[in-house]
Amino acid sequence: MEWIILGIVVIVLLAVIVIYNRLVALRANCRQGWADIDAGLRQRHDLIPNLVSTVQGYAAHEKSALEAVIAARGRALAAHGPAEAQGAEMALGGALKNLFALAEAYPDLKANTNFQTLQHELADVEDKLAAARRAYNAASADYNAGIESFPAVLFAGALGFKPQGFWELGVDERATVGAAPNVRF
């Protein structure tokens, strides 16, 4: 009888070790996904001062739009963690949209090769960020499924594993994505 109890204890202990190691690997994937987003955001933040200085030369009297971008960049740089960064990045994205809308009013700025280059670089960074966000959300989904599945759900909370949030669309982005396209001929 002692051998049976010892065998059961060893099997349960091995199961907990396997579950723990799997959850650690899944959590590491989430952290790697966030690190990839963070690297893309840093690259984006590094482009913004060059973009602002280029626009400043052409639209000096549009100071409020330029200051809004600078302030939003500062808040985004100071953000910590996915949830805080997500809100700050949405504000920065809105400020950048206003900046690019401003460029439409200045044909010389729109034709400036430096501005065009920066705009293309920023678009490239945005594409990379979108891919990193998708990878992060996939890793978060795998991790969350891992901690919620049986038998891991029995041990995950006690071992310190908590659900991971997703990178979600902002309210203004959600409205744009959810709206039907307006096609005119």
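Model, not experiment: these values are computed from the prediction. (Residues numbered from 1 in each chain as written. Predicted model: local features only at pLDDT ≥ 70, side-chain atom pairs only at ≥ 80, totals over all residues. Heavy atoms only, no water.)

**Quick notes on the overall build of the chain**
Okay, so step 1: On a plain count of helices and strands, the chain comes out with 7 helices and 0 strands.
Okay, so step 2: Along the chain, from the amino end to the carboxyl end, the secondary structure elements read α-α-α-α-α-α-α.
Okay, so step 3: Put simply, the chain has 185 residues, and 32% of those count as buried.
Okay, so step 4: For the chain, restricting intrachain contacts to residue pairs at least 6 apart in sequence, the fraction spanning at least 24 positions comes to 74%.
Okay, so step 5: Working note: accessible area of the chain is about 11500 Å², and carbon and sulfur atoms make up 61% of it. (Helix = DSSP H or I, 4+ residues; strand = E, 2+ residues; numbered from the N terminus. Buried < 20%, exposed > 50% of the residue type's maximum accessible area, 1.4 Å probe, protein only. Contact = heavy atoms within 4.5 Å. Areas by Shrake-Rupley, 256 points an atom, 1.4 Å probe, with all protein chains shown as cover.)

**Section: unusual backbone geometry**
When glycine is set aside, most residues are seen to have a negative phi, and most peptide bonds are trans.
Okay, so step 1: That bond from F150 to P151 is cis: its omega, 10°, falls within 30 degrees of zero.
Okay, so step 2: Residue position: P151 is located in the loop between α5 (113–148) and α6 (152–155).

**What about helix α3 (residues 81–104)?**
Okay, so step 1: In this model α3 runs 34 Å from its N-terminal to its C-terminal C-alpha over 24 residues, within 8% of the 34 Å that 1.5 Å per residue would give.
Okay, so step 2: Within α3, burial applies to A85, Q86, A88, E89, L92, G93, A95, L96, L99, F100, L102 and A103. (Expected span 1.5 Å × (residues − 1).)

**Re the confidence of the model for the chain**
Okay, so step 1: Chain-level statistics for the chain give a pLDDT mean of 84 and a share of 90% at 70 or above.
Okay, so step 2: By mean pLDDT, helix α7 (residues 171–178) is the weakest element of the chain at 50, and α5 is the strongest at 91. (pLDDT = per-residue confidence, 0-100.)

**Notes on a nonpolar patch on the surface**
Okay, so step 1: A cluster of nonpolar side chains, contributed by M1, I4, I5, I8, V9 and V12, occupies part of the molecular surface with about 620 Å² of accessible area.
Okay, so step 2: Topologically, V9 is positioned in helix α1 (residues 2–58). (Patch = residues over 30% accessible without salt bridge, like charges linked within 9 Å, V, L, I, M, F, W, Y side chains within 5 Å. Salt bridge = Lys/Arg side-chain N within 4 Å of Asp/Glu carboxyl O.)

**Thoughts on the side chain of N144**
Okay, so step 1: Tracing the backbone shows N144 in helix α5.
Okay, so step 2: Among the residues examined, N144 registers a relative accessible area of 8% and is labelled buried.
Okay, so step 3: Other than its neighbours up to four places away in sequence, N144 contacts P163, Q164 and F166.

**What about the pattern of salt bridges?**
Okay, so step 1: The full count for this structure, using the stated rule, is 4 salt bridges.
Okay, so step 2: Between E89 and R44 there is a salt bridge whose closest N-O contact spans 2.5 Å. Here the residue E89 occupies a position in helix α3, and R44 occupies one in helix α1, the gap between them amounting to 45 residues.
Okay, so step 3: Measuring nitrogen to oxygen at the nearest pair gives 3.4 Å for the salt bridge that ties K128 to D124. Remark: D124 and K128 occur in helix α5; sequence separation between them is 4 residues, near one turn of the helix.
Okay, so step 4: Owing to a relative accessible area of 38%, D124 belongs among the partly exposed residues under this scheme.

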